[in-house]
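Okay, here's what each chain looks like letter by letter:
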Amino acid sequence: MLQGLLSGLAAGGTFAALGLLLTAMYRLTATVNLAVAAIGVAGVYVMAALTESGLPYGVAAAAGVAAGALLSAGCGAVMVRWFAAGDAQTRTAVSIAQLIGIIALAYILFGDTPRVLPNPASGAAAELAGVVITWATPALLALAALLGGGTHLLLTRTPLGLRLRAMAERPVTTELLGIGTRRPAVVLWAATGGLAALVLLLVAPVRSSDILSLSMLIVPACAAALVGGLTRLSGALLGGLALGLLEGVLAGSAALREYRDAVPFAAILLILMWTRRREVWDAAR
Amino acid sequence: MTGSRALVVLSLAALLLAATGCGLADEPAASQGPGDTIKVGAVSSLSGPVTFPDSSAAAKAVFDRVNEQGGIGGRRIEYLVADDKGDPAAAAQAARDVVTNQGAVALAGSASLLDCAVNAPFYAQAGIVSIQGTGVDPTCFESPAISPVNTGPYLNMAINLYYASEVLEHDKVCLFLAILGNTSDAYGGAVRSWTALTGKRLTLDDRTVKPDSDPTPFVLRARNAGCQAVLYNGTEPMAIAWMKVVKQQKVTGVDWLMTTAPYTEAVARALGADGEGTYANAEFEPFTDAGSAALKDWRELMTARKVPLTSFGQGGYLAATYLVETLRGIQGPITREAVTRAFKTLKPVRHPLVGTPYEFGPAAKHRSNRAGKIVQLRGGRWEVVTPEWVRYPGTLD
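Residues numbered from 1 in each chain as written. Chains lettered and ligands numbered in written order. Predicted model: local features only at pLDDT ≥ 70, side-chain atom pairs only at ≥ 80, totals over all residues.

## Focus on the overall build of chain A
1) Next: Each helix and strand in chain A was counted, giving 14 helices and 2 strands.
2) Next: Across its three principal axes, chain A shows a C-alpha extent of roughly 60 × 55 × 35 Å.
3) Next: Here chain A holds 285 residues, and 51% of them are scored as buried.
4) Next: Counted over contacts in chain A with a minimum sequence separation of 6, partners at least 24 positions apart contribute 75%. (Helix = DSSP H or I, 4+ residues; strand = E, 2+ residues; numbered from the N terminus. Buried ≥ 20, exposed ≤ 12 C-beta atoms within 10 Å, placed from the backbone. Contact = placed C-beta atoms within 7 Å.)

Written as structure tokens, this is what we have:
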């Protein structure tokens, strides 16, 4: 049991960090950015291409993060330029198109040959109950905590956060009031892209590193974000962790193992039903 | 009124088509003079999420060489490779185009995840044979019209089981499988066959690994169960992740056996020192063995024609070679009927790249490649562990 929990800790950190990115982006840009993991994957592959050409890992990783930021800024620019007045559904649909586009482009550019992916945090940080915890796990957890804390501060303590929220919730009113938010919004997109690349750089070396598998980390990340209703940062953090730990425990249970991959979907379904319960019940009355 | 008339016309047209036999099995060009080309087809995944371009590229290299040397009885081979895009609808369309519209006399060197599953009944109906370069899905090994040159994942797994328990003499053999599509029964058949052959049972049989799973819980489970040998059917990136986690979790004293899929130069490079000791099963004479005399012709041809040196390329080369040899032996005009008859009466063909003779014949299913050579990662390179073929003595049902 303890071993199962510990073996799911790294996955939990990953889901939490990506779930937090989703939540932060939803609150600040009113977009469920389903392409966020794929943007990180693009960063990983840029890093891999550069290390293969002989650059040291540090430089290549920095370039990977920059590539993630740039790509995300591009996606953000499209969103801000043409879909600023669109509702959340429209913008989410656009992000699905961006997700498919990025995956297709990545396959064309990088192919499906496995890459050499150096692991920056492969050293053992601790060994508990027979499970080796590498530095990647505390790094991911710290990244998740920082993301959560940082976003909270940005939202509640800074004028920029306030503007971005206004832009997300009432885009037309905000523009009519003369508050220019396009540039900070694109910068925000760039930052989340860079962070996504950072998360994926830690995760990709010990997961199946093909473009599609890594991009689909967005599914458990969505489940994590939904635990917080896409708005509560603490919910996304705890939700992500819980999902990862649950997966780890279920992998060790003979009876439930087969249903392990259904956990994120079941979680998404249950949360949606729970959050919609009032609407349905009220309508019934 | 117009609607119902249109309906009548349509159904009449359908009736006419059926009556004249303009269906799928017809061969358009019945008379072929010596000046015509011999059309050979292939349905391969050339685009989409998983691609196998090397097999048809290698087959093309063989056909090009034959053409440069004067063709078959003065007739050139025209090789028509259709892309199934990894999509069942596109696969069905591609097969009908190559077989019905273009009038291919046979198919050779196809490599696809779904060509067999989608098109096997059509090939049987059209009276055409497919010398599959790489058969993956179980249907490839269960059709009267298809005989793959490769071992396939299931026999590959059976050979690995046999090698782990009988050659490495491990008592605790564990199996981890990622099940894609309808492959679970076929793998189950391999396990049953191995149990019937050796009287041994698996210590662990876990078929719940998914391509995007974190391998950590599975690797720990194998260690906790005391597995001495662990067999895994992961693809290249999955096998890389698996072995990296093995290293990360400091699991030692276990033999890790993979199927053919991760036996590539890219995996050796990506794993580096983390992969030390990993076994894989080569379906053909191991292509990384630079000194192998059996590989000489293949290696020279592929290098000259700039086809990557991979296991898939060996499959395409073999399929094309078997077809060319059979075409040369045909007396009279080379038509689809003649080629099919030649393969249905084919005597087993030996080739130094494979451990067991290639067979077609009238059988309802074909699984002639029943041997493998075990290779192991040592110092970042694949080394041949078994210079002799490991032939599987049992049969799969």
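Alright, that's what it looks like, and here's the rest.
## Section: the overall build of chain B
1) Next: When its secondary structure is counted, chain B shows 12 helices and 14 strands.
2) Next: In terms of overall dimensions, chain B is globule-like: its C-alpha atoms have a radius of gyration of 23 Å, near the 21 Å expected for 397 residues.
3) Next: Each principal axis of the C-alpha distribution contributes one length, and for chain B these read about 70 × 60 × 35 Å.
4) Next: Taking all 397 residues of chain B together, 52% fall into the buried category.
5) Next: Taking all contacts inside chain B whose residues are at least 6 apart in sequence as the whole, residues at least 24 apart take part in 69%. (Rg over C-alpha atoms; globule rule 2.2 N^0.38 Å.)

## With respect to the domain arrangement of chain B
Residue and element names in this part refer to chain B.
1) Next: Here the domain parsing of chain B yields domain 1 (6-151 + 293-366) and domain 2 (153-282 + 372-391).
2) Next: Distance between the C-alpha centres of domain 1 and domain 2: 31 Å.
3) Next: At the junction of the two partners, domain 1 supplies 8 residues and domain 2 supplies 15 residues.
4) Next: In terms of residue class, the side of domain 1 that touches domain 2 is built from 2 nonpolar, 5 polar and 1 charged. (Domains from an automatic or database assignment. Nonpolar A, V, L, I, M, F, W, Y, C, P; charged D, E, K, R; others polar.)

## Here's the deal with the interface of chain A and chain B
In many analyses, interface size is given as the accessible surface area lost on bringing the parts together.
1) Next: Across the contact, 31 residues belong to chain A and 27 residues belong to chain B.
2) Next: Mapped onto the side of chain A that touches chain B, the elements with two or more residues apiece are helix 1 (2-7), helix 2 (9-29), strand 2 (131-134), helix 10 (211-215) and helix 12 (233-251) of chain A.
3) Next: In terms of residue class, the side of chain A that touches chain B is made up of 11 nonpolar, 12 polar and 8 charged.

## Focus on the confidence of the model for chain B
1) Next: Per-residue pLDDT for chain B averages 88, and the proportion of residues at 70 or more is 91%.
2) Next: Scored as a whole, the predicted complex attains pTM 0.85, and scored at its interfaces, ipTM 0.86. (pLDDT = per-residue confidence, 0-100.)

## Details of the sheet that holds strand 3 (residues 106-108) of chain B
Residue and element names in this part refer to chain B.
1) Next: Reading across the sheet, the 4 strands line up as 2-1-3-5 and stay open at both edges, with parallel pairing between neighbours. Each edge of the open sheet carries a strand with a single partner, namely strand 2 (77-83) and strand 5 (130-131).
2) Next: In this fold helix 3 (residues 88-101) packs onto strand 1 (38-44) and strand 2, with an angle of close to 175° to the strand it touches most, strand 1. (Pairing = 2+ DSSP bridges. Axes fitted to C-alpha atoms, helices over the stretch in contact; angles between N-to-C directions.)

## Details of the packing of helix 2 of chain A against helix 6 (residues 136-157) of chain A
All names here are of chain A.
1) Next: Between helix 2 and helix 6, the shortest axis-to-axis distance is 8 Å and the interhelical angle comes to 20°. As far as their axial angle goes, helix 6 and helix 2 are roughly parallel. Two packed elements cross with a definite hand, and for helix 2 against helix 6 that hand is left-handed. Along the contact surface, helix 2 presents Leu9, Ala10, Gly13, Thr14, Ala16, Ala17, Leu20, Leu21, Ala24 and Arg27, while helix 6 presents Ala136, Thr137, Leu140, Leu141, Leu143, Ala144, Leu147, Gly148, Thr151 and Leu155.
2) Next: Residue composition of the contact of helix 2 with helix 6, by class: 14 nonpolar, 5 polar and 1 charged. (Parallel < 35°, antiparallel > 145°, perpendicular 65-115°, else oblique. Left-handed = near helix turned anticlockwise from the far one by under 90°.)

## Quick look at unusual backbone geometry
1) Next: The phi angle at Ala30 of chain A is positive, at roughly 55°, despite the residue not being glycine.
2) Next: Despite not being glycine, Lys306 of chain B shows a phi value in the positive range, around 60°.
3) Next: If you trace the backbone, Lys306 of chain B turns up in the loop between helix 10 (296-304) and helix 11 (311-328).
4) Next: We classify Lys306 of chain B as exposed; it has 8 C-beta atoms within 10 Å.

## Some words on helix 4 (residues 115-126) of chain B
Residues and elements named next belong to chain B.
1) Next: All buried positions along helix 4 are accounted for by Asp115, Cys116, Val118, Asn119, Ala120, Tyr123 and Ala126.
2) Next: Contacts from the buried residues of helix 4 go to strand 1, helix 3, strand 4 (111-112), strand 5 and strand 6 (134-135).
3) Next: Immediately beyond the C-terminal end of helix 4, within one or two residues, lies Gly127, with a positive phi of roughly 70°.

## Regarding the pairing of strand 12 (residues 371-378) of chain B
Residue and element names in this part refer to chain B.
1) Next: Counting buried positions along strand 12 yields 6 of 8 residues, so the element is predominantly enclosed.
2) Next: Two elements, strand 11 (residues 279-282) and strand 12, share 4 bridges in a ladder whose sense is antiparallel. Note that in strand 12 the partner of Ala280 across the bridge is Val375.
3) Next: Bridge count between strand 12 and strand 14 (residues 390-391): 2 bridges; the pairing is antiparallel. The residue of strand 14 that forms the bridge with Ala371 is Arg391.
4) Next: Here strand 12 pairs with strand 13 (residues 381-384) via 4 bridges, running antiparallel. Along strand 13, the bridge assignment pairs Arg378 with Arg381.

## Quick look at the environment of Pro148 of chain B
All names here are of chain B.
1) Next: Structurally, Pro148 can be placed in the loop between strand 6 and helix 5 (152-167).
2) Next: For Pro148, a count of 28 C-beta atoms within 10 Å corresponds to the buried category.
3) Next: Put simply, Pro148 and Val129 are 19 residues apart on the chain and 11 Å apart in space, counted from C-alpha to C-alpha.
4) Next: If near-sequence neighbours (up to four positions away) are discounted, Pro148 is found in contact with Gln132, Gly135, Cys140 and Phe141.

## Side note on helix 5 of chain B
Residue and element names in this part refer to chain B.
1) Next: Relative to the 22 Å expected for 16 residues at 1.5 Å per residue, helix 5 spans 21 Å between its end C-alpha atoms, a close match to the ideal helical length.
2) Next: Among the 16 residues that make up helix 5, 14 are buried, leaving the element largely enclosed by the rest of the structure.
3) Next: Of the residues flanking the end of helix 5, it is Glu169, one or two places downstream, whose phi is positive at about 55°. (Expected span 1.5 Å × (residues − 1).)

## Describing the environment of Leu396 of chain B
Residue and element names in this part refer to chain B.
1) Next: Mapped onto the fold, Leu396 is located in the segment after strand 14.
2) Next: Counting along the chain gives 208 residues from Leu396 to Gly188, while the straight-line C-alpha distance between them is 9.8 Å.
3) Next: In contact with Leu396, not counting residues within four places along its chain, are Tyr154, Leu155, Ala158, Gly189, Ala190, Ser193 and Arg367.

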